[in-house]
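Chain by chain, the residues:
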Amino acid sequence: MSFIDRLDAAWYPGESHGWDSDRFRAHLLGLVRPDHRVLDLGAGRGIIPQMNLQGVVAHVTGVDPDPCVAENPYLDEAVVLPDPRQGLPFPDASFDVVMTSNVLEHVEAPSQLFREVWRLLRPGGLFVSKTPNRGHYVALIASATPHGFHEWINGRRGHSAEDTYPTLYRANTRRAVRRLAEEAGFEIAGLTTWEGAPNYLRIMPPAYPLGIGYERLVNSTDALADFRAVLVATLRKPR
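The structure reproduced in this document is the subject of the present report. Remember, it's a predicted structure, so these values are computed and weren't measured experimentally.

On to the overall build of the chain, then. On a plain count of helices and strands, the chain comes out with 7 helices and 7 strands. The helix and strand sequence of the chain, counted from the amino end, reads α-α-β-β-β-β-α-β-α-α-α-β-α-β. Computed over the C-alpha atoms, the radius of gyration of the chain is 18 Å, within 12% of the 18 Å expected from 2.2 N^0.38 for a compact globule of 239 residues. By the burial criterion, 46% of the 239 residues in the chain qualify as buried. Look at the contacts in the chain between residues 6 or more apart in sequence, and 72% of them connect residues 24 or more apart. When the accessible area of the chain is evaluated, it comes to approximately 11,600 Å², of which 56% is carbon and sulfur surface.

Applying the stated rule across the entire model yields 4 aromatic pairs. With centroids separated by 5.3 Å and ring planes inclined at 85°, the aromatic side chains of phenylalanine 90 and phenylalanine 95 adopt a geometry described as edge-to-face. The pair phenylalanine 90 / phenylalanine 95 is uniform in exposure class, with both members buried. Arranged with centres 5.3 Å apart and planes meeting at 80°, the rings of phenylalanine 114 and phenylalanine 127 form a pair that is edge-to-face. Taken as a pair, phenylalanine 114 in helix α3 (residues 110–120) and phenylalanine 127 in strand β5 (residues 121–132) lie far apart in primary sequence, 13 residues in all. Side by side, phenylalanine 114 and phenylalanine 127 carry an identical accessibility label, which is buried. When the ring centre of tryptophan 118 is taken as reference, the NZ or CZ atom of lysine 237 above it lies at 4.0 Å.

In this section: the pairing of β5. Most of β5 sits out of view: 9 of its 12 residues are buried. As paired strands, strand β4 (residues 95–101) and β5 are joined by 6 bridges and run parallel to one another. Each residue of the ladder has a partner; that of phenylalanine 95, found in β5, is leucine 121. Remark: the β4/α3/β5 crossover connection has right-handed handedness. The pairing of β5 with strand β7 (residues 230–236) spans 7 bridges and is classified as antiparallel.

What counts and what doesn't
Each chain carries its own residue numbering, running from 1 in the written order of its sequence. In keeping with the model being predicted, local features are shown solely for residues with a pLDDT of at least 70 and side-chain atom pairs are shown and tallied solely at 80 or more, while totals for entire chains, interfaces and linings include all residues. Hydrogens and water are ignored here; the side-chain numbers use all heavy atoms of the structure. Where helices and strands are cited, they refer to DSSP runs of H or I of at least four residues and of E of at least two residues respectively, numbered from the N terminus. Only the C-alpha atoms count toward the radius of gyration. The rule for a globule is 2.2 Å times the residue count to the power 0.38. Accessibility here uses a 1.4 Å probe with only protein chains present; expressed as a share of the type maximum, an area under 20% marks a residue as buried, one over 50% as exposed, and anything in between as partly exposed. Contacts are assigned to residue pairs that have any heavy atoms within 4.5 Å of one another. Reported accessibility uses the Shrake-Rupley method at a 1.4 Å probe radius. Residues are deemed covered only where the shown protein chains occlude them. When the centres of two rings from Phe, Tyr and Trp lie within 6.5 Å, Trp using its six-membered ring, the rings pair. Their planes under 30 degrees apart give stacked, over 60 give edge-to-face, and anything left gives tilted. Two limits define a charge over a ring: the Lys NZ or Arg CZ must be within 6 Å of the ring centre, and within 35 degrees of the ring normal. By this definition, two strands are paired if DSSP reports at least two bridges between them. Look down the strands so they point away from you; if the path from the first strand over the helix to the second goes clockwise, the crossover is right-handed.

This is how it looks when you write it as structure tokens:
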């Protein structure tokens, strides 16, 4: 057992390396119903199995600018979006839930996106997103480094460079999401941050204990909630 594995066994027993996706799936499962029609916004090629809602809801549509969305095995329907600036190619009130995972950090015009999602949702529908929280050290480092560095880091972590997209972080704080939601007409049903095992530091074993200390600190008080790793928003379109 490696040094980091021993630390994980002691500090994070039973928690997978994809703890954030596991928690997000549990969150989604508490919100969706069998009759729901769901849009996976930024679905990609389907590299996150926790986003698979096939058989849980009535229908899952995925949309992405990258043609790789056609390879996504978790979708009932895949739609390639040639130009996101032109809006989403669906009628008003088409979906009960729009979900995104690790997408908002890449969005150039988040106010346009929030308005478009509001249009697509039925009254009472939910916009549920998981994205990096800009106040966390990983997002702060990413904001200050070039895209090539992100590709290199993700390569060290076993992720493909083609699945590493440029980051902008224009909708990645609770304050920013609250403003965008209110401007678009959403009610805020939930807006929280999560911190778990410091997985980005697994490639730097000497730093891993420091990451554990950071995790314990920011989870010790809500006063430090804006410094946790993951931002999760649950927004509702009024009935």
